[in-house]
Amino acid sequence: MNLYVKNNNFHFELENLTRLFFPDEKINVYREEQKTVTPYILAELADRVTVKAEINGFVSELSAPLGSDDNSNELITVQLLYKILCRYSGINQPWGLLTGVRPVKLFRKVCEESGVDKAKQTFLDEFFVSREKLNLAFDTEQHEKRILELSKPESFSLYVGIPFCHSRCSYCSFVMASIERAKKLIEPYVNLLCEEIKATAEIANRLGLRLETVYFGGGTPTTLNAEQLNRVLKTVNTSFNMTTCREFTVEAGRPDTIDKERLFALKENNVDRISINPQTTNNSVLQAIGRKHSVEQFFSAFELARKCGFNNINTDLIAGLPTDTVESFKSSLDSMLSLSAECITVHTLCMKRASTLTKEGVSLNRDDAETARKMLKYAQDSLISNEYIPYYLYRQSRMVGNLENVGWSKPGFESLYNVYVMDETHTILACGSGGVTKLKNQADDYLERIFNFKYPYEYIDRFDEIIARKSGIKRFYNHGADVSRT
Ligand code: SF4
């Protein structure tokens, strides 16, 4: 698809919106004056805003008067493009013309600026969000509020990354080393990770920051053996001031990494929330997505975790997986309900560019979108009738049907960390490879990022650089974000 952008700088939004309708096509964006070549979309600002399209014999042109400023011109241009693409495709997107990751944060912002009623009207009439998704955004925002209020100006959360997995699932693009190739890296990685945690804690303690939540993600943190897990967890517990910590989560993730010793190490070290993720309770679907564990292993791991005293367990499901059906998804969801999992996170399959699925040329069509939509509808209705609440929500590009991921929980079991990350409420200090520290200036919402190296071997080889970059945390808090921006 060729996208011609004339006399405006809205190419980013226009490209993202076009991608919603053409997820598998390369979109060539031209910002210089050029002769159009079909198929094309042309968005032009002159004495009016005009959007034209010529795609596979479909020809359409819409125009509207100019707005009062750049922002309103951008919205008008995107609205015209959206209307044309809806006509072309016959599809109304569930989230309308919204393409961002955080629709709930946007909803809150519009509420703060104009009140709830106006925000609802804006979502429906100007962003063309469906009423169903508006209601979901509204409910999620209501439940998030209480959690956001707990955060204080000096609050922060800690993220610890363990970039190892036994094997790679076909839908995943996570940067990680497979256990076979990475076995030798794990021990030096764990040693350095403990050093980084200590160095980070020293800075946080000196600055008087207040630790709210800890989250171990990956990869699969429970790929580490019990002794290694114990060492890393203990380092967190003994280095940071844990008296203010409200939540300590470890993604146990893959059921095939869970055993008594590891669960005991988690329990011993004050971990009070874990994730055990089946993704589906259909063995043939697990096989189709290259997830090398069985449904039976998931149920055993869950039962073992309960026996070990874990009373806050999240389970992830994915709607829209290859070969899955609506009936099979319903059965997966019903199983999570019968286990009475405290949190059930319902993801929609995302066709990540670097995943095996995408590389193998798997593409999704309108039927797949409709199937995923039915799965989410069933999940939402069942979860609500079982008194679960939606407490965080986010979207990714290239999601099947342009739907969403929603964290549902029993009231009182919402994951605070998930809300803080998605809302960008406060600073996240990150340790481990792939970690991104996000320093938040409460006064003006400014975020400064410090990146750790992505791959474990880089992390090990260039560890001194990672420690040197930590001085950015001190600089940020001691001199203020304004200094770092000049
Ligand atoms: S277990 Fe999770 S992180 Fe590991 S490959 Fe599968 S989806 Fe990716």
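Residues numbered from 1 in each chain as written. Predicted model: local features only at pLDDT ≥ 70, side-chain atom pairs only at ≥ 80, totals over all residues. Heavy atoms only, no water.

Draft legend 1. Looking closely at the layout of surface pockets. Estimates place the volume of the second largest pocket at around 1200 Å³. Taken together, 41 residues make up the lining of the second largest pocket; nearest its centre are Lys-105, Leu-106, Lys-109, Val-110 and Glu-113. Of all elements in the fold, only helix H1 (11-21), helix H2 (70-89), helix H3 (103-114), helix H4 (116-126) and helix H5 (131-150) reach the threshold of two or more residues within the lining of the second largest pocket. Looking at the lining of the second largest pocket, the element that brings in the most residues is H3, giving ten residues. Residues of the lining of the second largest pocket, tallied by class, amount to 13 nonpolar, ten polar and 18 charged. (1 Å grid on protein atoms, 1.4 Å probe; cavity = no way out; pocket = protein on both sides within 12 Å on 5 of 7 lines; lining within 4 Å. Points joined across faces, edges and corners; volume = space filled by probe spheres on them. Helix = DSSP H or I, 4+ residues; strand = E, 2+ residues; numbered from the N terminus. Nonpolar A, V, L, I, M, F, W, Y, C, P; charged D, E, K, R; others polar.)

Draft legend 2. Seen up close, the packing of helix H11 (residues 326-339) against helix H13 (residues 366-385). Running from N to C, H11 and H13 point in directions that differ by 25°, and their axes come no closer than 10 Å. Considered as vectors, H11 and H13 are oriented roughly parallel to each other. For the crossing formed where H11 meets H13, the hand is right-handed. Along its contact with H11, which presents Val-326, Phe-329, Lys-330, Leu-333, Asp-334 and Leu-337, the element H13 presents Thr-371, Lys-374, Met-375, Tyr-378, Ala-379, Ser-382 and Leu-383. In terms of residue class, the contact of H11 with H13 is made up of eight nonpolar, two polar and three charged. (Axes fitted to C-alpha atoms, helices over the stretch in contact; angles between N-to-C directions. Parallel < 35°, antiparallel > 145°, perpendicular 65-115°, else oblique. Left-handed = near helix turned anticlockwise from the far one by under 90°. Contact = heavy atoms within 4.5 Å.)

Draft legend 3. Up close: the domain arrangement of the protein. Assigned domains within the protein: domain 1 (2-89), domain 2 (103-134) and domain 3 (147-469). Distance between the C-alpha centres of domain 1 and domain 2: 23 Å. (Domains from an automatic or database assignment.)

Draft legend 4. View of the pairing of strand E14 (residues 389-394). The buried count for E14 comes to six of six residues, which makes it a mostly enclosed element. When E14 meets strand E15 (residues 405-409), the two strands line up antiparallel, connected through five bridges. Across the sheet, Pro-390 pairs through a bridge with Trp-408, a residue of E15. (Buried < 20%, exposed > 50% of the residue type's maximum accessible area, 1.4 Å probe, protein only. Pairing = 2+ DSSP bridges.)

Draft legend 5. View of the side chain of Ser-415. Among the structural elements, Ser-415 can be located in the loop between E15 and helix H14 (416-423). Contacts of Ser-415, omitting those with residues within four sequence positions, involve Glu-247, Arg-273 and Tyr-391.

Draft legend 6. Here's a closer look at the sheet that holds strand E1 (residues 2-6). Ordered by their spatial adjacency, five strands build an open sheet running E2-E1-E3-E4-E5, and the pairing between neighbours is mixed. At either margin of the open sheet sits one strand with a lone partner, and together these are strand E2 (28-30) and strand E5 (58-65). Recorded for the sheet is a direction-independent mean angle of 10° between the axes of neighbouring strands. By the bridge criterion, five bridges tie E1 to strand E3 (residues 40-45) in an arrangement that is parallel. Counterpart to Leu-3 in the pairing with E3 is Ile-41. This element, H2, spans E3, strand E4 (48-55) and E5 of the sheet and lies at about 155° to E5.

Draft legend 7. Expanded view of the packing of aromatic side chains. Enumeration over the complete set of coordinates arrives at 22 aromatic pairs. With a centroid separation of 5.2 Å and an interplanar angle of 85°, the aromatic rings of Phe-107 and Phe-123 are classed as edge-to-face. Linking Phe-107 in helix H3 with Phe-123 in helix H4, this pair joins segments that are 16 residues apart in sequence. Judged on exposure class, the residue Phe-107 and its partner Phe-123 are both buried. Geometrically, the ring pair formed by Tyr-159 and Tyr-215 is stacked, given 6.4 Å between the ring centres and 15° between the ring planes. One end of the pair, Tyr-159, is in strand E6 (residues 155-162); the other, Tyr-215, is in strand E9 (residues 210-218), and 56 residues separate them in sequence. Side by side, Tyr-159 and Tyr-215 carry an identical accessibility label, which is buried. Members of the aromatic cluster, connected to one another through ring pairs, are Phe-107, Phe-123, Phe-127 and Phe-138. We note Lys-120 situated over the ring of Phe-138; from NZ or CZ to the ring centre the distance is 4.0 Å. The aromatic ring of Phe-453 is capped on one face by Arg-469, whose charged end is 4.6 Å from the ring centroid. (Phe/Tyr/Trp six-rings, centres within 6.5 Å; stacked < 30°, edge-to-face > 60°. Lys NZ or Arg CZ within 6 Å of the ring centre and 35° of its normal.)

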